[in-house]
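The lines below spell out each chain.
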Amino acid sequence: MSEPPGRTRLTVTLTVNGSRQVADVEAGTTLLGHLRDGLGLTAANHGCDTTSCGACTVLLDGRSVKSCTVLAAQADGREVVTAEGLAADDRPHPVQESFREHHALQCGYCTPGMVLAAVSLLREQPDAGEREVRCGLRGNLCRCTGYHNIIRAVLAVAARGGPDSAVKGDRDADGLRAGSEHRLS
Amino acid sequence: MSFAYHRAESLAEALAVLAEHPGRVTPLAGGQSLLPDLRAGRTRAEVLLDIGRVPELSFVEDRGDHIAIGAATRHHELAASGLLAARLPALRAAAAAIGDPQVRHMGTIGGSLAYADPAADLAVAALALDARVVLDGPGGRRVLPFEGFARARGSTVIAPGELLVEVRVPAPAVPAAWSYRKFSRDALEWAVVAVLAVAGETTRVALSGMGPTVVRAGETEAALARGDGAEASAALADAGTAPPDDVRASGGYRRHLARVLTRRALEEIGVETAGRGVAP
């Protein structure tokens, strides 16, 4: 019987923050590991490593994912945006600016993931209210428990009509809405 | 994590690889359960076959009396589907209740059902809504009821070399009344217990978190068929189940949750509390 296809080392091509990046990685390399150790982009943080805390959140084709639970190989050929790529022309992204204005960070460890989760949420629901923001950020933990200011910061962007549409390397935002309507009893 | 990786570009390629190497190739769809298990050493894989971008496996399609969903369709797409909102709102709500947005952006319905986690939102929905699963493999296609598909967490009737390719969910022209009640810790979001009740000629009640697979609350359904009210019917919700004692909850607490959540769900779909012919 022939051997199954598949390689333990692969060439992965990503567009990261608008720039094309080609690299050889182990098949088991996570997107987070590749961004941090392969490409030197350390904004996405290594937190729980179990898909729980959200510190590693990045955008994959415009949507938030936990990069500790995505293989670099799964992202091959796709667009990745990290916190390093949010600012345009040296101006912070509106969500970053709002986090600063509302003091929505304390130690800062969760912040890059929190900001990208918020950017993804506001693309899907530009007019998100408090409930939508709370549900939309449920995948991101802040160990400083600074949630109130984080929610204020995101709501302030929503109140201004959502984040600017143009984000470097990721101009494909659509109007899809994700609800979270389960009734918690 | 030590394994080889191969991305299938088409359904034909994926099926050929699986058929030629049964037992040696593990399908990877979104990876939201498989990758954490691989990393923690709870499971192993020789070759991961990535089916997450196979175009023929990603769709939500109206087929008249049922809605067909490709196995690699992501939870986010189900949660955002206007077709599901109109025809299968209970399934849409179950998809929207999964984990968090990041997980919903990657995870797929086929991955969730094939992983057979007894706490999974889509599994309890598939059972309550009487879904069918379509398996394709060396012996051709077969269509099975979802009931009986899962054996235990991570174990299903999918044969070596087969792939879950499609989920079919009966969809009446006017959606039946339904209620999904999920009890979970807020942060990690796997259900401790959840119940989905769907009204109909026979009201179906399915539970997650009450045993090695999702289960129907058979005694509750029988009581409803007799005309019992929500209270008496729900009191039987845990009958015949074997809820585990684990890190999330004790078995006794799960039994309590099953009864309480079932009563609330039944009341929400319009079952009277006391029922017919029962003294108030």
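So, how was this worked out
- Residues numbered from 1 in each chain as written.
- Chains lettered and ligands numbered in written order.
- Predicted model: local features only at pLDDT ≥ 70, side-chain atom pairs only at ≥ 80, totals over all residues.
- Heavy atoms only, no water.
- Phe/Tyr/Trp six-rings, centres within 6.5 Å; stacked < 30°, edge-to-face > 60°.
- Pairing = 2+ DSSP bridges.
- Helix = DSSP H or I, 4+ residues; strand = E, 2+ residues; numbered from the N terminus.
- Axes fitted to C-alpha atoms, helices over the stretch in contact; angles between N-to-C directions.
- Contact = heavy atoms within 4.5 Å.
- Buried < 20%, exposed > 50% of the residue type's maximum accessible area, 1.4 Å probe, protein only.
- Polar contact = N/O pair within 3.5 Å; in protein donor to acceptor, adjacent residues only side chain to side chain.
- Domains from an automatic or database assignment.
- Buried area = accessible area lost by both parts, 1.4 Å probe.
- Salt bridge = Lys/Arg side-chain N within 4 Å of Asp/Glu carboxyl O.
- Nonpolar A, V, L, I, M, F, W, Y, C, P; charged D, E, K, R; others polar.

A. Representation of the packing of aromatic side chains in the model. Evaluation of the coordinates by the stated rule reveals 2 aromatic pairs over all chains. Aromatic side chains Phe 146 of chain B and Phe 149 of chain B sit 5.7 Å apart centroid to centroid with 35° between the ring planes, which places their arrangement in the tilted category.

B. Region of interest: the sheet that holds strand S1 (residues 4–7) of chain B. Residue and element names in this part refer to chain B. Strands sit in the order S1-S3-S2 across an open sheet of 3 strands; the sheet is parallel. Unpaired on one side and paired on the other, S1 and strand S2 (25–28) mark the two borders of the sheet. Averaged over all neighbouring strand pairs, the angle between strand axes comes to 30°, with direction disregarded. In this structure, S2 lies alongside strand S3 (residues 47–50), joined through 4 bridges in parallel fashion. Bridge pairing in S3 links Val 25 to Val 47.

C. View of the sheet that holds strand S5 (residues 79–81) of chain A. Residues and elements named next belong to chain A. Spatially, S2-S1-S5-S3-S4 is the arrangement adopted by the 5 strands of the open sheet, whose pairing is mixed. Edge positions in the sheet fall to strand S2 (19–26) and strand S4 (63–66), since each has one partner strand and no second. Going across the sheet, the axis of each strand differs from the next one's by a mean of 40°, ignoring polarity. As paired elements, strand S1 (residues 9–16) and S5 share 2 bridges and run parallel to each other. Note that in S5 the partner of Thr 15 across the bridge is Glu 79. Lying over the sheet, helix H1 (residues 31–38) contacts S1, S2, strand S3 (57–60) and S5, oriented at roughly 80° with respect to S1. Lying over the sheet, helix H3 (residues 111–124) contacts S3, S4 and S5, oriented at roughly 40° with respect to S3.

D. Here's a closer look at the side chain of Arg 87 of chain B. Residue and element names in this part refer to chain B. Mapped onto the fold, Arg 87 is located in helix H4 (residues 82–87). You can call Arg 87 buried: its relative accessible area is 13%. A polar atom in the side chain of Arg 87 sits 2.8 Å from the backbone oxygen of Gly 64. A distance of 3.5 Å separates a polar atom in the side chain of Arg 87 from the backbone oxygen of Pro 172. If we ignore the near neighbours within four places in the chain, the residues touching Arg 87 are Asp 62, Gly 64, Ile 67, Ala 171, Pro 172, Ala 173 and Pro 175.

E. Just the domain arrangement of chain A, in detail. All names here are of chain A. Under the domain assignment, chain A is made up of domain 1 (9–85) and domain 2 (94–159). With 18 residues of domain 1 at the interface, the matching set in domain 2 holds 13 residues. Across the interface of domain 1 and domain 2, roughly 1,100 Å² is buried in total on both sides, 53% from carbon and sulfur atoms. Sorting the residues of domain 1 by area buried against domain 2 places Thr 57, Leu 59 and Ala 83 first, and these three jointly supply 33% of that buried surface. At the junction of domain 1 with domain 2, the criterion picks out 0 salt bridges. Among the secondary structure elements, those contributing two or more residues to the side of domain 1 that touches domain 2 are S3 and S4. Among the residues forming the side of domain 1 that touches domain 2, the class breakdown is 7 nonpolar, 9 polar and 2 charged.

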